[in-house]
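Structure at a glance
The lines below spell out each chain.
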Amino acid sequence: MTSPAVPRQPLLDDAIIALHAPTQAWSGRDGDIGDAAIDGIYHGDVRHIGSVRISVSDSRIETISRSSIDAATVEFGSVLRGLDDDGADPKVRLIRRREVGAGVVRERLGLHSHRDVPLSFSVTVELAPEFAPMQDVKAGLAAATPWRADAVAASDANPGRIEVRSSDGHRSFIVEAAGAAATVADAIVLRWDIELDPRAVIEVGWSATLTDDTLVVGAAATAELLIPPADDPRLTRWVQQATQDLAALRLVLPAHPQDAFYAAGAPWFFTLFGRDSIWAARLALATDPAIAASTLRVLARLQGTKTDPATAEQPGKIPHELRSAPLSLPNEGVHLPPLYYGTVDATPLWVCLLADARDAGMPEAEVRDLVPALRAALTWITDFGSGTGSGFLDYVDETGHGLANQGWKDSGDSIQWRDGRLAEGPIALCEVQAYAYEAAVRGAQLLDDLGENGGDELREWAAVLRDRFREAFWVTTPEGRYPAIALDAHGAAVDSLTSNIGHLLGTGILDADEERACAELLLDASMSSGYGIRTLSLGAAGFWPLSYHGGSVWAHDTAVAVHGMLRSGLLAEARQVAGQLVDAAEGFAYRMPELHSGDSRDAVPFATPYPASCRPQAWSAAAAIVCAQAYAAS
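Computed from a predicted structure; not experimentally measured.

Moving on to the overall build of the chain. A tally of helices and strands in the chain yields 13 helices and 29 strands. By the compact-globule yardstick of 26 Å for 634 residues, the chain fits well, its C-alpha radius of gyration being 26 Å. Judged by the C-alpha coordinates and their principal axes, the chain covers about 85 × 60 × 50 Å. Taking all 634 residues of the chain together, 57% fall into the buried category. Approximately 23,500 Å² of the chain is accessible, and the part contributed by carbon and sulfur atoms is 50%. Separation between the mean location of the 51 positive side-chain charges and that of the 84 negative ones in the chain comes to 3 Å.

Written out as structure tokens, the structure reads:
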């Protein structure tokens, strides 16, 4: 007897995406939407349209090409051989161009004939409304919800205009299709009767304008990002794609439309994420300097003011994520409130970004405006960050349904011993201590420069943290001597060798010899896949190249190590690691995914996809900017 299928997260590696946050369209490689679990047209956190299929009377549609024109535009080329003559060459083509804007998806269908006789046929587009929550799509549990459709503002010239509204009335879309006959049953059907003259072209098209009155984010104003020069044409192509994707991922909070931030990534994270938005802004500082300041302001407005275990809020704490409704991931046992503070690293990273932005030219008046938020963040670091009183910043989920791990490696099995055992929380991560040290030192300097008091106390706190880190975190195993990934609930150093040590570089928590030793380990074959730095070493029992955080390679994680190497003066090492990411980017058509396999380049000719990896991802795109800096500096 066959067991029922277990719901699974959709795979993404072979899908085609066009996006302009907060809207995105995912399809198959033939252009149709609906054959794969991820397919659909999404606006915010809801899949408004589950499928879009095109058919042509008397002919199959055989797709032969697909081109991403930019982040928001993709074009599919097909032949219609059922309408051909008896010659070998295809003479009738369909060019399908999809364009995504903020709240709108348009398709133009170009019908091209090289026949010397007129052709009569029909083109049909069938759209299926759905209104499935994004969290259900991610869990593999998506199902269509009730909807209703009405003809609106129809006329003889434009009969194809239909409004579709979800049963709760909060979400809707209007389909317009000039010249089409429109009908509604289980789906919306648009039909054009085509009379195509010899050697002629006819264009028809449709659009869907999408709305959701519950959205807590909105589209940002268009921005032209600076493109740093590169001496490798592959790096140039990656940077060009990355800047397009970063521009398409910009969002705002509606109350403050002037302050943009980067959505974490597609498809699941079209919203504000403290850690992700900060790191993306930090890595992309050279190409989008303004977004650092605006990201800081957005997060400061949401900074914690009280202690609330249900949301993990504490005074001064920077939030983890913002959504319009609670997030439930039943497959993972996760149930989060709309505004959730379960992150241990976003607060010190906020301070580091403020220091970076000020160094990059953020006006002093804007920096001064953030001094209250700066003081609150520094107080959280020194007074609230250590829930156990150990003196190290640590975390534990007090609710039982929040994130079990609250650093950037936030999967349930990400913190493990070298022998494969999972670490017991509360957990104090090595990189979080480094972020806290850097935040205290640079925060103290900011206060000094602005004529504010408190700098000396912060430097004293940082010096004590640095000494205690050296005493508690360093371990020696057959792979060498290095900082452990974390301390567990008993204060024991969790001894696996991980990419986390790359985040220590350039923060000041290590001395120069220690930084060089860590860089050498990251470049060793145990950690370096040839396509980036593995999250977990080959010497760990839990290593698996397709483990989310236990052997895969994350572009941003590797780029953070490059960023630290540059700040530590390890220029040759930075160039070497950056070159590995450029090699990986080539295999992904220069749109780097969230993560890829940790297989060695000796075993595979191109980096292997992690099949459920998001793309584009803001911090993976921003990795290209740091790699360009490494190429320029070495």
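Once that is clear, we can look at the pairing of strand S8 (residues 104-113). Burial within S8 is extensive, with seven of its ten residues counted as buried. As paired strands, strand S7 (residues 92-101) and S8 are joined by ten bridges and run antiparallel to one another. Residue Val 92 lies in a different strand from S8, and its bridge partner there is Ser 113. Linking S7 to S8, which pair antiparallel, is a turn of two residues; within it Gly 103 sits at a positive phi near 85°. Here S8 runs beside strand S15 (residues 201-212); their pairing, made up of nine bridges, is antiparallel. Looking across to S15, one finds that Arg 106 is bridged to Ser 207.

In this section: the pattern of salt bridges. Considering all chains together, one arrives at 46 salt bridges under this definition. Here Arg 53 makes a salt bridge to Asp 35, at a shortest N to O gap of 2.7 Å. With Arg 53 in strand S4 (residues 46-56) and Asp 35 in the loop between strand S2 (23-27) and strand S3 (40-43), this pair connects stretches of sequence that are 18 residues apart. Residue classification places Arg 53 among the partly exposed positions, given a relative accessible area of 31%. Of the charged contacts, one joins Asp 212 and Arg 171 as a salt bridge, the two residues approaching to 3.0 Å between their closest N and O atoms. Of this pair, Asp 212 sits in strand S15 while Arg 171 sits in strand S12 (residues 171-177), and the two are 41 residues apart along the sequence. Look at Asp 212 and you get buried, because its relative accessible area is 10%. Classification of Arg 171 as buried rests on a relative accessible area of 17%.

What follows concerns the sheet that holds strand S26 (residues 486-487). Strand order in the open sheet formed by three strands is S23-S26-S27, and the pairing between neighbours is antiparallel. Of all strands in the sheet, those bounded by a partner on one side alone are strand S23 (428-429) and strand S27 (493-494). Two strands pair when backbone bridges link them, and S23 and S26 are joined in this way by two bridges, in the antiparallel orientation. Within the sheet, the bridge partner assigned to Leu 429 lies in S26 and is Ala 486.

One finds Trp 238, Trp 350, Leu 354 and Phe 469 to be the most contacted residues of the largest nonpolar core, which totals 159 residues. Examining the composition of this core, we find that twelve residues originate from one element, helix H13 (residues 618-633), more than from any other. Residues contacting Trp 238, with those up to four places away along its chain left out, are Leu 581, Val 582, Ala 585, Tyr 590, Met 592, Ser 620, Ala 623, Ala 624 and Cys 627. Judged by nonpolar contacts, the second largest core, of 42 residues, contains Ile 49, Val 125, Phe 131 and Val 175.

Let us now look at the packing of helix H3 (residues 274-283) against helix H5 (residues 346-359). Look at H3 against H5: their axes get within 9 Å of each other, and the N-to-C directions meet at 25°. Classified by the angle between their axes, H3 and H5 sit roughly parallel to one another. The hand of the H3/H5 crossing is left-handed. Contacts between H3 and H5 involve Gly 274, Arg 275, Ile 278, Trp 279, Ala 281 and Arg 282 from the former and Ala 346, Leu 349, Trp 350, Cys 352, Leu 353 and Asp 356 from the latter. Residue composition of the contact of H3 with H5, by class: eight nonpolar, one polar and three charged.

Right, let's get into the pairing of S4. Within S4, nine of the eleven residues are buried, leaving the element largely enclosed by the surrounding structure. Bridge count for S3 against S4 is three bridges, and the pairing is antiparallel. If you follow Ile 41 over to S4, its bridge partner there is Ile 49. As consecutive antiparallel partners, S3 and S4 are separated by two residues, and within that stretch Gly 44 has a phi angle of approximately 65°, a positive value. Strand direction decides the pairing type here: S4 and strand S9 (residues 119-133), joined by nine bridges, are antiparallel. Bridge assignment links Ile 54 to a residue of S9, and that residue is Val 125.

Now for the environment of Asp 413. Tracing the backbone shows Asp 413 in the loop between helix H7 (371-384) and S23. Separated by 137 residues in sequence, Asp 413 and Gly 550 place their C-alpha atoms 7.9 Å apart.

With antiparallel pairing, the three strands of this open sheet are ordered in space as S16-S17-S18. Among the strands making up the open sheet, the edge pair consists of strand S16 (218-219) and strand S18 (256-262). Here strand S17 (residues 250-253) pairs with S18 via four bridges, running antiparallel. Across the sheet, residue Leu 253 finds its bridge partner in S18, namely His 256. Against the sheet, helix H4 (residues 289-301) engages S17 and S18, with an angle of about 105° to S18.

This next bit is on the packing of helix H11 (residues 555-567) against H13. One can describe the packing of H11 onto H13 by two numbers: an axis separation of 9 Å at closest approach and a directional angle of 30°. Accordingly, the angle class assigned to the pair H11 and H13 is roughly parallel. Pair H11 / H13 crosses with left-handed handedness. On H13, the residues touching Ala 555, His 556, Ala 559, Val 562, His 563 and Leu 566 of H11 are Trp 619, Ser 620, Ala 623, Val 626, Gln 629, Ala 630 and Ala 633.

Look at the link from Ala 21 to Pro 22: it is a cis peptide, with omega at 15°. Along the polypeptide, Pro 22 turns up in the loop between strand S1 (16-20) and S2. The omega angle of the peptide bond from Ala 266 to Pro 267 is 0°, so this bond is cis rather than trans. Assignment of secondary structure puts Pro 267 in the loop between S18 and H3. If you check the backbone angles, Phe 131 has positive phi at about 60° while not being a glycine. Topologically, Phe 131 is positioned in strand S9.

Rules used throughout
- Residues numbered from 1 in each chain as written.
- Predicted model: local features only at pLDDT ≥ 70, side-chain atom pairs only at ≥ 80, totals over all residues.
- Heavy atoms only, no water.
- Helix = DSSP H or I, 4+ residues; strand = E, 2+ residues; numbered from the N terminus.
- Rg over C-alpha atoms; globule rule 2.2 N^0.38 Å.
- Buried < 20%, exposed > 50% of the residue type's maximum accessible area, 1.4 Å probe, protein only.
- Areas by Shrake-Rupley, 256 points an atom, 1.4 Å probe, with all protein chains shown as cover.
- Lys, Arg positive; Asp, Glu negative; His and termini not counted.
- Charge placed at Lys NZ, Arg CZ, Asp CG, Glu CD.
- Pairing = 2+ DSSP bridges.
- Salt bridge = Lys/Arg side-chain N within 4 Å of Asp/Glu carboxyl O.
- Core = buried A, V, L, I, M, F, W, Y, C linked by side-chain atoms within 4.5 Å.
- Contact = heavy atoms within 4.5 Å.
- Axes fitted to C-alpha atoms, helices over the stretch in contact; angles between N-to-C directions.
- Parallel < 35°, antiparallel > 145°, perpendicular 65-115°, else oblique.
- Left-handed = near helix turned anticlockwise from the far one by under 90°.
- Nonpolar A, V, L, I, M, F, W, Y, C, P; charged D, E, K, R; others polar.

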